[in-house]
Amino acid sequence: MKLTFTKLSTGKVVSKDITFSQPISKSVNKAKDLFYFIDLEDKDATGCYKVKSCKISKINKNKTDKTILNIIKSY
């Protein structure tokens, strides 16, 4: 799935191929405005995918897959 958001550190718009950790409800923290995801484009030295986060308010709703937006909305 494609997630597009603005990185706070650089101000650049970034698109990532992502998946979710399980349970999916742990991916959304509305109190902190954070969405956690597994970045399928970035692995650590051991070959494991990295877990990352972005601000929910910085997600580009027009360029992000609807499935991701529905998950955020439901939690």
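That block above? That's the structure.
Described below are features of the structure shown in this document. The shown structure was predicted, so the numbers you read here are calculated from the model rather than taken from an experiment.

**Observations regarding the overall build of the protein**
And step 1. Per the secondary structure count, the protein includes one helix and five strands.
And step 2. Each helix (α) and strand (β) of the protein, taken in turn from the N terminus, gives the series β-β-β-β-β-α.
And step 3. Compactness check: the protein gives a C-alpha radius of gyration of 12 Å against a globular reference of 11 Å for 75 residues, within 12% of the reference.
And step 4. Seen through its principal axes, the protein has C-alpha atoms that stretch 35 × 30 × 20 Å.
And step 5. A burial count over the protein gives 29% of its 75 residues as buried.
And step 6. Summarising the internal contacts of the protein: among those between residues at least 6 apart in sequence, 38% fall at separations of at least 24.
And step 7. Taken as a whole, the protein presents about 4900 Å² of accessible surface, with 51% of it coming from carbon and sulfur.
And step 8. Counting 16 positive and 7 negative side-chain charges, the protein places the averaged centre of each group 7 Å from the other.

**A look at unusual backbone geometry**
And step 1. The omega angle of the peptide bond from Q22 to P23 is -5°, so this bond is cis rather than trans.
And step 2. Note on placement: P23 falls in the loop between β2 (13–19) and β3 (28–29).
And step 3. Of note in this structure, D33 is not a glycine but carries a positive phi near 60°.
And step 4. Relative to the assigned elements, D33 resides in the loop between β3 and β4 (34–43).
And step 5. For D33, a relative accessible area of 23% corresponds to the partly exposed category.

**Focus on the layout of surface pockets**
And step 1. The computed volume of the largest pocket comes to approximately 170 Å³.
And step 2. Elements that contribute at least two residues to the lining of the largest pocket include exactly β1 (2–6), β4 and β5 (49–55).
And step 3. Residue contributions to the lining of the largest pocket peak at four residues, all from β5.
And step 4. Grouping the amino acids of the lining of the largest pocket by side-chain chemistry returns five nonpolar, three polar and five charged.

**Overview of the packing of aromatic side chains**
Given two aromatic rings, their pairing is described by the distance between the two centres and the angle made by the two planes.
And step 1. Scanning the model with the defined rule gives three aromatic pairs in all.
And step 2. On the numbers, 6.2 Å between centres and 25° between planes, the contact of F35 with F37 is stacked. Side by side, F35 and F37 carry an identical accessibility label, which is buried.
And step 3. The structure contains a cluster of three or more aromatic residues connected by ring pairs, namely F5, F20, F35 and F37.

So, how was this worked out
- Residues numbered from 1 in each chain as written.
- Predicted model: local features only at pLDDT ≥ 70, side-chain atom pairs only at ≥ 80, totals over all residues.
- Heavy atoms only, no water.
- Helix = DSSP H or I, 4+ residues; strand = E, 2+ residues; numbered from the N terminus.
- Rg over C-alpha atoms; globule rule 2.2 N^0.38 Å.
- Buried < 20%, exposed > 50% of the residue type's maximum accessible area, 1.4 Å probe, protein only.
- Contact = heavy atoms within 4.5 Å.
- Areas by Shrake-Rupley, 256 points an atom, 1.4 Å probe, with all protein chains shown as cover.
- Lys, Arg positive; Asp, Glu negative; His and termini not counted.
- Charge placed at Lys NZ, Arg CZ, Asp CG, Glu CD.
- 1 Å grid on protein atoms, 1.4 Å probe; cavity = no way out; pocket = protein on both sides within 12 Å on 5 of 7 lines; lining within 4 Å.
- Points joined across faces, edges and corners; volume = space filled by probe spheres on them.
- Nonpolar A, V, L, I, M, F, W, Y, C, P; charged D, E, K, R; others polar.
- Phe/Tyr/Trp six-rings, centres within 6.5 Å; stacked < 30°, edge-to-face > 60°.

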